[in-house]
Amino acid sequence: MNILTLLRVLAGVAVLATTLPCSRAQQVPLQDKPFAEHKIVLQLSDNDPRKQGLVISVANNLMKFYDPDKVAVEIVAFGPGIELLRPENPNRKLVESLVAQGARVDICLNTVDTLERDTGKRPQFIAAATPVQVGVAQILFLTENGYTLVKP
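The following paragraphs examine the structure supplied in this document. From a predicted model like this one, the values you see are computed outputs, not experimental measurements.

The subject of this paragraph is helix α2 (residues 49-66). The end-to-end C-alpha separation of α2 is 26 Å, in line with the 26 Å expected for 18 residues at 1.5 Å each. Summarising the contacts, the buried residues of α2 are in contact with β1 (38-44), β2 (71-77) and α3 (92-100). Among the residues of α2, the N-terminal cap falls to D48, whose side-chain oxygen and the backbone nitrogen of R50 are separated by 3.0 Å. Within two residues after α2, D67 carries a phi angle of roughly 85°, on the positive side.

What follows covers the environment of I126. With respect to the helices and strands, I126 occurs in the loop between α4 (109-119) and β4 (129-132). Under the relative-accessibility criterion, I126 is labelled buried at 2%. Distance from I126 to R92, taken between C-alpha atoms, is 7.8 Å for residues 34 residues apart in sequence. I126 has contacts with L85, R86, P87, R92, V95 and E96, leaving out every residue within four places of it along the chain.

Assignment of secondary structure puts A100 in helix α3. Taking the C-alpha atoms as reference, A100 lies 8.7 Å from A128; in sequence the two are 28 residues apart.

In this section: the pattern of salt bridges. Overall, the coordinates contain 9 salt bridges when judged by the stated rule. Across the pair E96 and R92 runs a salt bridge whose closest N-O atoms are separated by 2.8 Å. Highlighted residues: E96 and R92, both in helix α3, separated by 4 residues, approximately one helical turn. For R92, a relative accessible area of 30% gives the class partly exposed. Taking the shortest distance from any N to any O, the salt bridge between E116 and R122 comes out at 2.7 Å.

Rules of the game
Residues numbered from 1 in each chain as written. Predicted model: local features only at pLDDT ≥ 70, side-chain atom pairs only at ≥ 80, totals over all residues. Heavy atoms only, no water. Helix = DSSP H or I, 4+ residues; strand = E, 2+ residues; numbered from the N terminus. Expected span 1.5 Å × (residues − 1). Contact = heavy atoms within 4.5 Å. Polar contact = N/O pair within 3.5 Å; in protein donor to acceptor, adjacent residues only side chain to side chain. Buried < 20%, exposed > 50% of the residue type's maximum accessible area, 1.4 Å probe, protein only. Salt bridge = Lys/Arg side-chain N within 4 Å of Asp/Glu carboxyl O.

Below you can see the structure in the form of structure tokens.
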């Protein structure tokens, strides 16, 4: 390999190394809501049924108050909060209704992976949930892009 080829390879590696951290920081693309005047991310990190109901209620109220096209609502569930997104959860229909209205509900895959390691079985979650690798990183990404964090 001559010096010119080596320099090209090293330049390619340098470009790749500088772009990888940026692409990993973005968990999933931002919602496609060009007319959204308000952007809210709701954190759900515990398995309290009252907290689940409150998160759903806040999201629903925001969608009604601002009009679904005028507000971007994203619920990020991680840790015990992912229980909201299990198929047997009594709030399943309410979550699916929010998603049908344009809200997004994220599930932390780190939590799913941890549960699989602990139990030997991968937990199931509803199809309406958008998988993100790291729930807290998704919250950080959203807040860095104009979302307001609300922790009901």
